[in-house]
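# Structural overview
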Amino acid sequence: MKVLFFAQLRERLNCDSTELDIELPTLVTDVRDALIAQFPDHADLLKDGKALVAINQELINNEKATITAADEVAFFPPVTGG
């Protein structure tokens, strides 16, 4: 499955996407764990609470949400405004 990265997360990982070899359907938490395993030097950026997740361009606040083969998955840092 393809996972997209945006903003500072893309810059720190030095890529805009990655392919994961993961059985689908799966849970957000499993995708997060697979990303942490793939990018161990940046695990702190990918942990729950550090990187937000969107499925089909909708912010997901549930680590147990299901991801299917048809879904677009993106990770990005929290956004702050002023």
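Criteria and thresholds
- Residues numbered from 1 in each chain as written.
- Predicted model: local features only at pLDDT ≥ 70, side-chain atom pairs only at ≥ 80, totals over all residues.
- Heavy atoms only, no water.
- Buried < 20%, exposed > 50% of the residue type's maximum accessible area, 1.4 Å probe, protein only.
- Helix = DSSP H or I, 4+ residues; strand = E, 2+ residues; numbered from the N terminus.
- Pairing = 2+ DSSP bridges.
- Contact = heavy atoms within 4.5 Å.
- Core = buried A, V, L, I, M, F, W, Y, C linked by side-chain atoms within 4.5 Å.
- Salt bridge = Lys/Arg side-chain N within 4 Å of Asp/Glu carboxyl O.

Quick look at the pairing of strand β7 (residues 73–76) now. Along β7, one buried face is formed by V73 and F75 and the opposite face, lined by A74 and F76, is buried too. Relative to β7, strand β1 (residues 2–5) is paired through 3 bridges, and the arrangement is parallel. Note that in β7 the partner of L4 across the bridge is A74. As judged from the 4 bridges shared by strand β4 (residues 52–55) and β7, these two strands associate in the antiparallel manner. Looking across to β7, one finds that V53 is bridged to F75.

Residue placement: E63 occurs in the loop between β5 (58–60) and β6 (66–67). Beyond its immediate sequence surroundings of up to four residues, E63 is in contact with L27, V28, T29, R32 and D48.

Core analysis: the biggest nonpolar cluster contains 20 residues, and V3, F5, L9, V31, L35 and F75 have the highest contact counts within it. The leading source of residues in this core is helix α2 (residues 28–38), at 3 residues. Residue contacts for F75: discarding those within four places in its chain leaves V3, L4, F5, F6, L9, V31, R32, L35, A51, L52 and V53.

A few words now on the pattern of salt bridges. Across all of its chains, the model carries 2 salt bridges by this definition. D48 is the partner of R32 in a salt bridge, and the nearest nitrogen-oxygen pair spans 4.0 Å. Taken together, the residues span a long stretch of sequence, with R32 in helix α2 and D48 in the loop between α3 (43–46) and β4 at a distance of 16 residues. The exposed category is assigned to D48, whose relative accessible area is 54%. Between E63 and R32 there is a salt bridge whose closest N-O contact spans 2.8 Å.

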